[in-house]
Amino acid sequence: MGERTSTAREWEEQARNWVVWVRRPGFDSYWRYRDRFFELVPAAGRATLDLGCGEGRVARDLAARGHQVTGVDASPTLVEAARGADPEGRYLVADSADLPFPDGGFDLVVAYNVLMDVDDLPGTVREIGRVLEPGGGLCLSITHPITNTGSRRDGVFVLDRPYFGRHRFEEEVERDGMRMRFTGWNHPLSAYTAALEDTGLLIEALREPQVTGDAFPWHLWIRAVRPR
């Protein structure tokens, strides 16, 4: 997921683990959050870009809701997996900060849990703005900016790492016989909003979803629009 730089290479190395991880029904957090997330996503329009599509689960769910989807990811293995699961779909290997599409080619961009995995956050958001038509929308999900700045201790979330600045995160997770190494960048919320502001995208909605008794915010969702 993301662009073809260090983080993207690491995701390519983990690609086959990721496919197994996310295709086990109910295992990954996506299964708990997706219905609420899609309530934030506008109805299908002319053309939807799934940025950082991974193995294609969001693209397939978008297509099931009537969207005409193009999926892009920097990992060739994940793009191959997406094509295998959806032979009728359109999936391309591409750099998130250098997209192979014309200006205004889409009326919707969806970026589900990808912007914290790209090495060039401002460049990626600029490209999103470029490929959006005037009036087009962006729906994004990120891991909440506090998630990788602390830890849970006796039911309390303790901030024990810097919040401000750009910091690398890496976590090895093993659960129910499956293993996955997650890598990416932790940014404060202001880094994301500044990238949207600099690109001229206006925030319409911001959500900290709480499902099944979450005590801490694990995700942050934003819907933004490119003004006409």
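Everything here concerns the structure above.
Summary of the structure given here.

Parameters and conventions
Residues numbered from 1 in each chain as written. Predicted model: local features only at pLDDT ≥ 70, side-chain atom pairs only at ≥ 80, totals over all residues. Heavy atoms only, no water. Buried < 20%, exposed > 50% of the residue type's maximum accessible area, 1.4 Å probe, protein only. Helix = DSSP H or I, 4+ residues; strand = E, 2+ residues; numbered from the N terminus. Arc of directions from axis to C-beta. Contact = heavy atoms within 4.5 Å. Core = buried A, V, L, I, M, F, W, Y, C linked by side-chain atoms within 4.5 Å.

### Let's talk about helix H3 (residues 30-40)
When H3 is considered as a whole, its buried residues turn out to be Tyr30, Tyr33, Phe37, Phe38 and Leu40. Buried residues along H3 cover an arc of 135° about the axis, so they all sit on one side. Residues of H3 that are exposed and angled more than 90 degrees away from the buried face: Asp35 and Glu39. Contact partners of the buried residues in H3: helix H4 (57-64), strand E4 (106-112), strand E5 (132-143), strand E10 (202-207) and strand E11 (219-225).

### Some words on the environment of threonine 124
The topology assignment puts threonine 124 in helix H6 (residues 121-131). The buried category is assigned to threonine 124, whose relative accessible area is 0%. Sequence separation of threonine 124 and glutamate 171 is 47 residues, and the distance between their C-alpha atoms is 24 Å.

### A word on the nonpolar core
In globular proteins that are soluble, nonpolar side chains generally tend to be buried together. Core analysis: the biggest nonpolar cluster contains 30 residues, and Leu49, Val109, Leu115, Ile128, Leu138 and Leu201 have the highest contact counts within it. Looking at this core, the elements with two or more residues in it are strand E1 (48-51), E4, H6, E5, helix H7 (189-199) and E11. For leucine 115, the contacting residues outside a window of four places in its chain are Leu121, Thr124, Val125, Ile128, Leu140, Ile142 and Tyr192. Membership of the second largest hydrophobic core comes to 21 residues, among which are Tyr33, Cys53, Ala59 and Ala205.

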